[in-house]
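Read off the chains here:
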Amino acid sequence: MHDLEEFAKSTVEPAEALTLPPRYYVDPAIFEYEREHIFEKEWLCVGRTEQLRNAGDYFTVTLFGEPMVLVRGADMEIRALSSVCRHRGMLITTPGDGADGDWNDLDESSGNCGKAFKCPYHFWQYGHDGQLVQAPDMDRTPGFDPSAIRLPSFRCEIWLGFIFVNLDDNAAPLAPRLEKAAALVKNWDFENLVSAPPLDLPGMPWNWKILHENSAEGYHVDRLHGPAHYVEPSAGVEVHEHEKGDAAITFGMRAIHPDFALNPTGKPFFPVLESLTEEERTVSLWVLIPPTLLIGTNSDSAFYRIMRPEAVDRTGIHQSYLTPPDYQANPLYDDLLAMSGDFHAALNRQDWMADAAIQRGMGSRHSARSRISWQEGPLVQLYSWLQARYLPEAGGK
Ligand code: FES
Ligand SMILES: [Fe+2]
């Protein structure tokens, strides 16, 4: 599956490194290996705590075939529960009225379940902690003990307002491996920022690593984006140290002036966050927590993108902005966000067209490995993160 010597050529110093062998983006066997060794082992971001403000608030997600529901309990704890009914296996969050209408592609759902989830099939009910609290007409089933039945739960961690789930019950906790990243972005107070309405794009036509690489290098910004990205030029890339065990890869993009923003004016539309230092108002910080989360900072806000690997050539995207809650009270909030969003959408179109084209390129018989620019330095850290999971015996970080 992996050739240690070949892979190691991607994890030397950036000045000497090669990109990954192209088959890592197109071979379904690699994706299956990643499923077992990465996606079912690592902490996967599924959303934000503000999606679950009140007791009973829930949203569903299906991670690598595993249906689950994230719910806030009356004790205000957020839990990740299996959404598979313990009776005959219906998903307890599926609308019973068949309103979705597309049983080949069940929608995820969100809402408030009240005091309990009620499975629409036979009305078994489960509390916020997964405990079966009611099962009608089971009185002629001797020995049936509702107290012994509960929805299984998954490991769940909250980090700065981001909700992470792990399919591996034995995974090491996440937060201790994110301490450096947490210190780096402390002044943005992510925990108390709130999301704008998210953009959901399932099935984008590329391998998940292509999108990570696109986000983790500044080499393309002067070229692919050209003048549109003038406020954060390629030469502003600042590679941070990445040590073994770090769950995040971080880097900076130094802007040409403080209080920058990626829009045609180069200035933020919202008030600059008062908690930021002069330096923090000048450098956009990027935090990549593979395999699913990317966070970027601006002087007035932050941005995040949750990536959901679906197949070797398919990746879902869920992304949004983060601002202090009182910014949403600004009567012009929607207009300002839309102006900013339109510009970012234009940049995204350029990036995503490139990602789709690269995916096709990687499948070519002529695809090959290449040397990289110093402005692509963080790629080597991503390759090293991958090496530690593909080939743990070979090192990597
Ligand atoms: S399958 Fe859920 S109550 Fe029967
Ligand atoms: Fe880009």
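Residues numbered from 1 in each chain as written. Chains lettered and ligands numbered in written order. Predicted model: local features only at pLDDT ≥ 70, side-chain atom pairs only at ≥ 80, totals over all residues. Heavy atoms only, no water.

- As annotated in an unreviewed UniProt entry, the protein chain carries the name Aromatic ring-hydroxylating dioxygenase subunit alpha and is attributed to Amycolatopsis rubida.
- Recorded in UniProt for the protein chain, the comment headed Cofactor (unreviewed entry) runs: "Fe cation". (UniProt positions renumbered as here; feature names shortened; annotations may be inferred.)

### Overview of the layout of surface pockets
For step 1, the next point in the chain: Its volume calculated, the largest pocket comes out at about 1,200 Å³.
For step 2, the next point in the chain: Together, 46 residues line the largest pocket, and V61, T62, L106, D107 and E108 are the ones closest to its centre.
For step 3, the next point in the chain: If you list the elements that add at least two residues to the lining of the largest pocket, you get β1 (44–48), β2 (57–63), β3 (66–72), β12 (199–204), β17 (302–311) and β18 (314–323).
For step 4, the next point in the chain: Counted by class, the lining of the largest pocket contains 21 nonpolar, 16 polar and 9 charged residues.
For step 5, the next point in the chain: Split by domain, the lining of the largest pocket shows at least three residues from each of two domains, domain 1 (4–41 + 179–394) and domain 2 (45–159).
For step 6, the next point in the chain: In this structure, the second largest pocket spans a volume of roughly 740 Å³.
For step 7, the next point in the chain: Taken together, 38 residues line the second largest pocket, and the ones lying closest to its centre are F303, R305, Q319, H344 and N348.
For step 8, the next point in the chain: Those elements that place two or more of their residues in the lining of the second largest pocket are α5 (208–215), α6 (221–225), β14 (249–254), β15 (283–289), β16 (293–297), β17, β18 and α7 (333–362). (1 Å grid on protein atoms, 1.4 Å probe; cavity = no way out; pocket = protein on both sides within 12 Å on 5 of 7 lines; lining within 4 Å. Points joined across faces, edges and corners; volume = space filled by probe spheres on them. Helix = DSSP H or I, 4+ residues; strand = E, 2+ residues; numbered from the N terminus. Nonpolar A, V, L, I, M, F, W, Y, C, P; charged D, E, K, R; others polar. Domains from an automatic or database assignment.)

### Remarks on the packing of α5 against helix α8 (residues 378–390)
For step 1, the next point in the chain: Interhelical geometry of α5 versus α8 gives an angle of 145° and a closest axis separation of 9 Å. Here W208, K209, H212 and E213 of α5 lie close against α8, whose contacting residues are L379, L382, Y383, W385, L386 and Y390.
For step 2, the next point in the chain: Partitioning the contact of α5 with α8 into residue classes produces 7 nonpolar, 1 polar and 2 charged. (Axes fitted to C-alpha atoms, helices over the stretch in contact; angles between N-to-C directions. Contact = heavy atoms within 4.5 Å.)

### A closer look at the side chain of H242
For step 1, the next point in the chain: Note that H242 resides in the loop between β13 (237–239) and β14.
For step 2, the next point in the chain: Residue class for H242 comes out buried when judged on its relative accessible area of 5%.
For step 3, the next point in the chain: Only 3.2 Å separates the side chain of H242 from the backbone oxygen of A248, close enough to count as a polar contact.
For step 4, the next point in the chain: With sequence-adjacent residues up to four places away left out, H242 is seen in contact with A248, I249, Q381 and K397. (Buried < 20%, exposed > 50% of the residue type's maximum accessible area, 1.4 Å probe, protein only. Polar contact = N/O pair within 3.5 Å; in protein donor to acceptor, adjacent residues only side chain to side chain.)

### Comments concerning helix α3 (residues 28–39)
For step 1, the next point in the chain: In this model α3 runs just 14 Å from its N-terminal to its C-terminal C-alpha over 12 residues, more than 12% under the 16 Å that 1.5 Å per residue would give.
For step 2, the next point in the chain: Those residues of α3 that are buried lie in contact with α2 (23–26), β1, α5, β17 and α8.
For step 3, the next point in the chain: You can read the cap of α3 off the contacts: a side-chain oxygen lies 2.8 Å from the backbone nitrogen of A29, and it is on D27. (Expected span 1.5 Å × (residues − 1).)

### Quick notes on the domain arrangement of the protein chain
For step 1, the next point in the chain: In terms of domain boundaries, the protein chain breaks down into domain 1 (4–41 + 179–394) and domain 2 (45–159).
For step 2, the next point in the chain: On a C-alpha basis, the centres of domain 1 and domain 2 stand 33 Å from each other.
For step 3, the next point in the chain: Approximately 1,200 Å² of surface area, both sides summed, lies buried where domain 1 meets domain 2, with 62% of it carried by carbon and sulfur atoms.
For step 4, the next point in the chain: Joining domain 1 to domain 2, the criterion identifies 0 salt bridges. (Buried area = accessible area lost by both parts, 1.4 Å probe. Salt bridge = Lys/Arg side-chain N within 4 Å of Asp/Glu carboxyl O.)

### What about the side chain of S299?
For step 1, the next point in the chain: Here S299 lies in the loop between β16 and β17.
For step 2, the next point in the chain: Polar contacts involving the side chain of S299 include one to the main-chain carbonyl oxygen of F260, which spans 2.9 Å.
For step 3, the next point in the chain: Once residues lying within four places of it in the same chain are set aside, the contact partners of S299 are D259, F260, P268, V272, L273, L276 and R281.

### Points about the sheet that holds strand β7 (residues 125–127)
For step 1, the next point in the chain: What the 3 strands build is an open sheet, ordered β6-β7-β8; its pairing is antiparallel. Since the sheet does not close on itself, it has two edges, and those belong to β6 (116–118) and β8 (132–134), each with one partner. In this sheet, adjacent strand axes meet at a mean angle of 35° when their direction is disregarded.
For step 2, the next point in the chain: Relative to β7, β6 is paired through 3 bridges, and the arrangement is antiparallel. When the sheet's bridge partners are listed, K118 is paired in β7 with Q125. (Pairing = 2+ DSSP bridges.)

### Digging into the packing of aromatic side chains
For step 1, the next point in the chain: In this structure the tally under the stated criterion is 16 aromatic pairs.
For step 2, the next point in the chain: When the ring of F39 is compared with that of F64, the centres are 4.6 Å apart and the planes differ by 5°; the resulting orientation is stacked. Taken together, the residues span a long stretch of sequence, with F39 in helix α3 and F64 in the loop between β2 and β3 at a distance of 25 residues. By the burial criterion, F39 is buried, and F64 matches it.
For step 3, the next point in the chain: Among the aromatic side chains, those forming a connected cluster through ring pairs are F7, Y24, Y33 and Y390.
For step 4, the next point in the chain: Over the ring of F123 we find K118; its NZ or CZ atom is 4.0 Å from the centre of that ring. (Phe/Tyr/Trp six-rings, centres within 6.5 Å; stacked < 30°, edge-to-face > 60°. Lys NZ or Arg CZ within 6 Å of the ring centre and 35° of its normal.)

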